[in-house]
Every structure is written in C-alpha cells, then in structure tokens.
Amino acid sequence: MILPMAKEVPAGAGSFRLPSADQCFVLGTVRSKVGQVPRVGSTLSRKDLRGHFLVRWNIGRDCFTVEPGLYALGDPTVDSPVLVTANYKLTFDLLRRTLLGRNVWILVLDTKGINVWCAAGKGTFGTEEMLDRIQASRLDEVVSHRQLIVPQLGAPGLAAFEIKKHAGFSVIYGPVMMEDLPEFLDNGYQASAKMRIKNFPFKERLVLIPVELMQGLQQGLPLIAFFMLLAGIVGDGPFVQAALTQGRPPSLAVVAGIAAGNVITPLLLPWIPGRAFSIKGAISGLVIFFIVFAASGIWAMDFSWPARLSWLLITLSIASWFGMAFTGASTFTSLNGVRKEMLRAMPAQFTGIVAGIILWIVSVWSG
Amino acid sequence: MSELCYFEDVVSLECDRDKCIGCGMCAVVCPHGVFTVEDKKALMIARNLCMECGACMQNCPVGAITVEAGEGCVRAIINELLGIDGPCC
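Calculation criteria
Residues numbered from 1 in each chain as written. Chains lettered and ligands numbered in written order. Predicted model: local features only at pLDDT ≥ 70, side-chain atom pairs only at ≥ 80, totals over all residues. Helix = DSSP H or I, 4+ residues; strand = E, 2+ residues; numbered from the N terminus. Buried ≥ 20, exposed ≤ 12 C-beta atoms within 10 Å, placed from the backbone. Contact = placed C-beta atoms within 7 Å. Domains from an automatic or database assignment. Nonpolar A, V, L, I, M, F, W, Y, C, P; charged D, E, K, R; others polar. Expected span 1.5 Å × (residues − 1). Pairing = 2+ DSSP bridges. Right-handed = clockwise from strand over helix to strand, strands pointing away. pLDDT = per-residue confidence, 0-100. Core = buried A, V, L, I, M, F, W, Y, C linked by C-beta atoms within 7 Å.

Caption draft 1: Structural view of the overall build of chain A. Helix and strand content of chain A: 13 helices and seven strands. The buried share of chain A, reckoned over its 367 residues, is 44%.

Below, the structure is given as structure tokens:
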C-alpha cells in the first residue's frame, strides 16, 4: 500500500505471510481460512519473565522482539476481536497475560522492537505498516467483521480514517492502559473518560529506575575514571594512593549527581519544586550532595573550600542534566517545552561541569 | 494527585474551528483531555496539558488541527540542534 506520505516500500511488503510457529512462546497453531496461525497462551514462562527482568535493566533491550504478523490467543473464530500491538516482546507478553481466558486475534506490527507509544511517535506504529500487515495477514479473510482494537497511545502514528478508507477496517481506540482492556472489552468497546487519560503514577516511575540508573552509569563511569586517573597523576604520593584519596570526592560527586538525577528526580517528580526537570534535578542534587558528603565523612575532612565548591558544581550539573533527560521518559512533556528548557539549561549545565572540573584540578594541584 | 503539568503557553497546538466537523476523534485520542466537543465543534479546554504527541492531528479527517509533533527527548533535540540525523532513544 502506498500513501502520499510514503517514503519507500520495503521489499515484500503486503505479500502473504504468517509469523513462524518456531518461536519459544508459541504453543501450537490454530486453523484459519488462510492457514495455520501461531497460537499463544496467557501464561508467561520463566524464560519470558527472565527476559522482562533483563530489559528492565537495559540489557538486551534492542533485540527483545517477536515476529510481526497475526497470532491467535486461545481459540479465536471469524467473529473474535482483533487487537493490534507492537512487536516489543515485553508489550506482547503483557498483552497476552492481560487477556487471560479470552479468544482473540493479535495483530503484531513491526515496530522494530519498540513499544506502542514510542513507535507511534516515530511513525513505525503507523498507518502504512498497519495497512501492509492487514494485507500480509489476509485479515479480511480471517475474520468476518471489520473492526480493529488499537491502543489509544498508538494514535500519534495512525490515521484511523485512512485505515478505514484503504483497508475497510474501522479503528476502535482502546484504553490508554492495558490493564483496562478487560473492562473495555466487556463493556462493548466503551472506554470511560478515566481510561483515556495518561497519568504518571509512582509505580510507573519506579519501574523506570533500573534503566535510568544503567544509562546514568554508562555516562558517569568514564567521568569517574577520568577523575581517578587525574588524581593519581596530579595528586601527592604514589599513583594508587593519590587516585583513591584525591579522586574519591569528585567520584562521589558524580554518583550523587546520578542518584539525584536518575533516581530521586523520577521518584519524587511531583513533589520536587519547579516545572523544569533541570531545576528539579538540581534541587535533588543539592539535597543529595549534602547527605552523601556528610554521611561519608568527607565534608568533615580537611579539604579546601575551592575543592568543596568543585564537588558541588559537579553534582549539581550532573543532577540537572539527568533530571532534564528524564523528560524523554515522562508522559506529559512536549517537544517545544523540552527544546525551550534545554536551550536555557544546557549552557548552565555545561558551564557548571567545566568550572567544577577546572576548580577541582586547581585545588588538587595547589593542595 | 492532580495531573502533572509542564510549562504553560509553550505548545504549538492549534485548532481551526471553521474546518472542524465535530467528529470528536481528537477528544478520543488525546491522552491529556485537551479537547472536548461543544456545539458540534472541537474546543480546547486544557491546552497547557498538551504534550505535542500529534494524535489529534493524525486522526483529524479534515486537517483542522496542527501541532509540531515530535520526540521530545534530549538526544533527539541535541541531534536537531547539531543538524544531524542521528539515532534517538
């Protein structure tokens, strides 16, 4: 299917194809008019759950996918509902678990292993892909009705009226949250006003922490290595001893910054003052800095005031930077808002980290 | 807890009520309750809650809604500022 906004048509797009039954979560096949459709269940295996744990820690997140195409959950018939989702395996697994005891078709779009909302923003969970996948699955032969239940958060990538026009299927937007799906299905596809609103409760922010932490460490560890190395070279005494004693405070400042920006800011988001995430990050950074440096006993030690100021600048810049980066994971910040925030915050963050590093080097040199 | 709010008066969302046919799709797809339908026309009742996801614009059959939709993540904006077409989150 080629639409006006089409860039290029991938090879083989739209030609008939069912997903392989040779995937670890496929239980067997279901007969349909177009052939044997892979059947899945609602029970997650230990292997599935292990995969979920790992991707929550940012491990293997780039290749946690299921093959796109049509699947059967339970024993669906020509009258069963068709639910559309993304080919991120975490999404797919949670969907089939949510639909325990139901007989439905699941149409998995090729979103390159990205969740529905992010993929919709990128356009891979999109009109063209959906039209191709409907055609490739011969969905019009598999079911007798002409309705697709699509997650509401898929809407940024889709034009429902285009799907209707080109494929003849009506898109029915389901609830924002998967957990509301059973109620939505039982109520004749009616979503309450509450089901249409995306909130960002503590529980949802909490599950993001491991990925946030891993990404923070990825950027922070090289900086810690840099401080240790430089302290070893510039500081007094043997290399290892200087690296550990002189390098410890700025390294701790980096850790405090990551803790504030990637853990405290996300968790306490609504309660930290300020609208800008960079401000929220810096405020958390200030608090965490004094807690960490007092608790470690470093603040009570014999360090110069320029050295102390340099640690504070390092923590504040890093906390502010990572706090700001959390806008990307939040559910309510806008492109124009984030752009405005970044243009204001980045010069301050950059100045802060550079000034902190220079001040620290000078304090070690002269100390 | 009331709904979280980012900056005010910063989003690019616009709705042309003359073009609007009152189908209500914008009110259905918006995850922040920005739209309602009044007198058979879409009405923005919470514009500051808009996150510029673009769902309303995509699903408006008459093109009455415009918004600069895009990925509001740090990496994407840095790429944009540097003028490169790099990888995003």
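Next comes the rest of the account.
Caption draft 2: Structural view of the overall build of chain B. For chain B, the count of helices and strands is three helices and four strands. With the principal axes as the frame, chain B shows a C-alpha extent of 45 × 35 × 20 Å. In chain B, which comprises 89 residues, the proportion classed as buried is 40%. Long-range contacts, defined here as pairs at least 24 residues apart, represent 43% of the contacts in chain B between residues at least 6 apart.

Caption draft 3: How the structure looks around the domain arrangement of chain A. All names here are of chain A. Domain annotation for chain A reports domain 1 (26-198) and domain 2 (203-366). Between domain 1 and domain 2, the residue contacts involve four residues of the former and six residues of the latter. Considering only residue class, the side of domain 1 that touches domain 2 consists of one nonpolar, one polar and two charged.

Caption draft 4: Seen up close, the interface of chain A and chain B. Listed as interface residues are 34 residues of chain A and, on the opposing side, 32 residues of chain B. Residue assignment for the side of chain A that touches chain B shows that the elements contributing at least two residues are helix H3 (116-122), helix H6 (160-167), helix H12 (305-325) and helix H13 (335-366) of chain A. The biggest single contributor to the side of chain A that touches chain B is H13(A), with seven residues. Class assignment for the residues of the side of chain A that touches chain B results in 18 nonpolar, 10 polar and six charged.

Caption draft 5: Broad picture of helix H11 (residues 277-295) of chain A. All names here are of chain A. The first and last C-alpha atoms of H11 sit 26 Å apart over 19 residues, in line with the 27 Å expected at 1.5 Å per residue. Where H11 is concerned, the buried positions are Phe277, Ser278, Lys280, Gly281, Ala282, Ile283, Ser284, Gly285, Ile288, Phe289, Val292 and Phe293. On its buried face, H11 sits against helix H10 (239-267), H12 and H13. Phi turns positive, to about 85 degrees, at Gly297, one or two residues after H11.

Caption draft 6: View of the pairing of strand S5 (residues 104-109) of chain A. Residues and elements named next belong to chain A. The buried fraction of S5 is high, at six of six residues. Residue alternation in S5 divides its side chains into two sets, Val104, Ile106 and Val108 and Trp105, Leu107 and Leu109, and both sets are buried. In the sheet, strand S3 (residues 69-73) pairs with S5 via five bridges, with the strands oriented antiparallel. The residue of S5 that forms the bridge with Tyr71 is Ile106. Where strand S4 (residues 82-86) meets S5, five bridges bridge the pair, whose relative direction is parallel. What sits directly across from Thr85, in S5, is Val108. Each parallel crossover has a hand, and for S4 linked through helix H2 (residues 89-98) to S5 it is right-handed.

Caption draft 7: A look at the environment of A:Val254. Looking at the element boundaries, A:Val254 is found in helix H10. Discounting residues that sit within four places of it in the chain, A:Val254 has contacts with A:Gly220, A:Leu223, A:Ile224, A:Ile314 and A:Ile318.

Caption draft 8: A look at the pairing of strand S1 (residues 26-32) of chain A. As defined by bridge partners, S1(A) adjoins strand S2 (residues 35-40) of chain A across six bridges and the pair is classed as antiparallel. Within the sheet, the bridge partner assigned to A:Arg31 lies in S2(A) and is A:Gln36.

Caption draft 9: Broad picture of the confidence of the model for chain B. Residues at a pLDDT of 70 or more form 92% of chain B, whose mean pLDDT is 91. Scored as a whole, the predicted complex attains pTM 0.92, and scored at its interfaces, ipTM 0.93.

Caption draft 10: Broad picture of the nonpolar core. Ranked by size, the top nonpolar core spans 74 residues in total, and within it A:Val82, A:Val84, A:Trp105, A:Ile106, A:Leu158, B:Cys26 and B:Cys56 carry the most contacts. It is S5(A) that contributes the most residues to this core, six residues altogether. In this structure, A:Met228, A:Leu313, A:Ala345 and A:Val364 belong to the second largest nonpolar core, which totals 45 residues.

Caption draft 11: Layout of the environment of A:Ile361. Residue and element names in this part refer to chain A. Tracing the backbone shows Ile361 in helix H13. Here Ile361 falls in the partly exposed class, since 16 other C-beta atoms lie within 10 Å of it. Spatially, the C-alpha atom of Ile361 lies 9.1 Å from that of Phe227, the residues being 134 residues apart in sequence. Every residue in contact with Ile361, bar those within four places of it in the chain, is listed here: Leu230 and Val234.

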